[in-house]
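An overview of the molecular structure
As a plain string of letters, each chain reads:
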Amino acid sequence: MKLSVSSYSFSQYLNSGKLTLTDLPRVAHEIGFDAIEYIDIPGETQQAKLELAAKIKAEADALGMQINAYTIGACLYQETDEASDKEVARLVDQLDVAVALGAKVMRHDVVYALGKTGAARSFDGMLPTIVKNAQRVADEAAKRGITTCTENHGYISQDSDRVERLFNAVARDNFGILVDIGNFVCVDEDNVRAVSRLAPYAVHVHAKDFYIKDFGSRPEGWGTTRGRRYFCGCVLGEGVVPVAQCLDIIKATGYDSYFSLEYEGKIDCLEGIKRGYKYLRSLD
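Residues numbered from 1 in each chain as written. Predicted model: local features only at pLDDT ≥ 70, side-chain atom pairs only at ≥ 80, totals over all residues. Heavy atoms only, no water.

Summing up its helical and strand segments, the protein has nine helices and eleven strands in all. Taking 2.2 N^0.38 as the reference for a compact globule, 284 residues should give roughly 19 Å; the C-alpha atoms of the protein span a radius of gyration of 18 Å, in line with that estimate. Expressed as lengths along the three principal axes of its C-alpha atoms, the size of the protein is roughly 50 × 50 × 40 Å. Each of the 284 residues in the protein was classed as buried or not, and the buried ones make up 51%. (Helix = DSSP H or I, 4+ residues; strand = E, 2+ residues; numbered from the N terminus. Rg over C-alpha atoms; globule rule 2.2 N^0.38 Å. Buried < 20%, exposed > 50% of the residue type's maximum accessible area, 1.4 Å probe, protein only.)

Printed below as a string of structure tokens:
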């Protein structure tokens, strides 16, 4: 397997100042990863983002490391055409950041919450607007040689059937799915069934694991699923997600790109990443 790690996995060290974004290619390389994925590059201006992206790429290039994906937040459901135009323009700027990083895949979210009126009251009500805007971004990405994708992420666009409907409606050859094998936990969906549904559309994969507790008293710091159970990120291979089976399902489709470790557990992130990497290598 070709293994990558998300910069998000290092959040503890990034937030504390122990590491910077430009340090991460070296650290990932030392652990043994083949590539690294970055989330939202910071910067007060577009030029500042492009300059930081170029520095990160230079660090990765010096080590022979690939920056395989760029993942960003986005809300492609907007109430007005003007608001849609603004969000699409922002994502087009992010495509240029992906180019500066050398990433060939860019993941964007599509929606975060339901509204109280009009189309926003349901996922299917919002879907036509989301699809139109995703197509616009994908068309711009195609000019830059980039594949765009969305992820089973954010409660509203997280169920496998919703993600599949979105994929089918966007219908662009350079648009696919980032299959996060762990995230289905957040909407109480069976991971194996969900992964098997979306695996044929995968252009990128997140390997992630969770602990789960049933409804009752929520442990401090744990998230809540849509069905009111509780989840907490953990070291890959140590939680409830059938990681080996899910990855095998994806590999069986002929998928030959990167499997990207995304760690969001409570223990020291470097320790969690190293243990997750060791587990992934054991599945080769």
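Here the narrative resumes, following the displayed structure.
Counted under the stated rule, the structure contains 25 salt bridges. In this structure, glutamate 164 engages arginine 197 in a salt bridge whose closest nitrogen and oxygen atoms are separated by 2.8 Å. Linking glutamate 164 in helix 6 (residues 160-170) with arginine 197 in helix 7 (residues 191-198), this pair joins segments that are 33 residues apart in sequence. When salt bridges with common partners are traced through the structure, they connect Asp96, Glu140, Lys143 and Arg144 into a single cluster. (Salt bridge = Lys/Arg side-chain N within 4 Å of Asp/Glu carboxyl O.)

Let us now look at the sheet that holds strand 3 (residues 66-72). Read once around its circumference, the closed barrel built from eight strands follows the order 1-2-3-4-5-6-7-11, with strand pairing classed as parallel. Within the sheet, the average angular offset between the axes of one strand and its neighbour, ignoring direction, is 30°. (Pairing = 2+ DSSP bridges. Axes fitted to C-alpha atoms, helices over the stretch in contact; angles between N-to-C directions.)

Running from N to C, helix 3 (residues 46-63) and helix 4 (residues 81-101) point in directions that differ by 25°, and their axes come no closer than 8 Å. As far as their axial angle goes, helix 4 and helix 3 are roughly parallel. Of the two possible hands of crossing, helix 3 and helix 4 adopt the one that is right-handed. In contact with Gln46, Lys49, Leu50, Ala53, Ala54, Ile56 and Lys57 of helix 3, helix 4 contributes Asp93, Gln94, Asp96, Val97, Ala100 and Leu101. Looking at the contact of helix 3 with helix 4, its residues break down into seven nonpolar, two polar and four charged. (Parallel < 35°, antiparallel > 145°, perpendicular 65-115°, else oblique. Left-handed = near helix turned anticlockwise from the far one by under 90°. Contact = heavy atoms within 4.5 Å. Nonpolar A, V, L, I, M, F, W, Y, C, P; charged D, E, K, R; others polar.)

What follows deals with helix 8 (residues 243-252). Among the residues of helix 8, Val243, Cys246, Leu247 and Ile250 are the ones counted as buried. Across the axial projection of helix 8, the buried residues extend over an arc of 95°, all falling on one side. Those residues of helix 8 that are buried lie in contact with strand 6 (175-180), helix 7, strand 7 (202-207), strand 8 (209-213), strand 11 (258-261) and helix 9 (269-282). Positive phi shows up at glycine 254, right after helix 8, with a value of about 95°. (Arc of directions from axis to C-beta.)

This part takes up the pairing of strand 10 (residues 230-234). Of all five residues making up strand 10, five are buried, and the element is well covered by its neighbours. The two faces of strand 10 match: Tyr230, Cys232 and Cys234 on one face and Phe231 and Gly233 on the other face are all buried. In terms of strand pairing, strand 8 meets strand 10 through five bridges, oriented antiparallel. Along strand 10, the bridge assignment pairs phenylalanine 210 with glycine 233. Two elements, strand 9 (residues 223-224) and strand 10, share two bridges in a ladder whose sense is antiparallel. Across the sheet, residue glycine 223 finds its bridge partner in strand 10, namely phenylalanine 231. Connecting the antiparallel pair strand 9 and strand 10 is a turn made up of five residues, with arginine 228 showing a positive phi of about 70°.

Moving on, we come to the sheet that holds strand 10. Each strand in a sheet pairs with another by means of backbone hydrogen bonds, the pair being arranged parallel or else antiparallel. Pairing in this open sheet of three strands is antiparallel, and the strands run 8-10-9 from one edge to the other. The open sheet terminates on both sides in strands that have one partner only, identified here as strand 8 and strand 9.

The next thing to look at is the layout of surface pockets. The computed volume of the largest pocket comes to approximately 360 Å³. For the largest pocket, the lining is made up of 21 residues, of which Tyr8, His153, Lys208, Glu262 and Glu264 are closest to its centre. Of the residues belonging to the lining of the largest pocket, the class tally is seven nonpolar, seven polar and seven charged. (1 Å grid on protein atoms, 1.4 Å probe; cavity = no way out; pocket = protein on both sides within 12 Å on 5 of 7 lines; lining within 4 Å. Points joined across faces, edges and corners; volume = space filled by probe spheres on them.)

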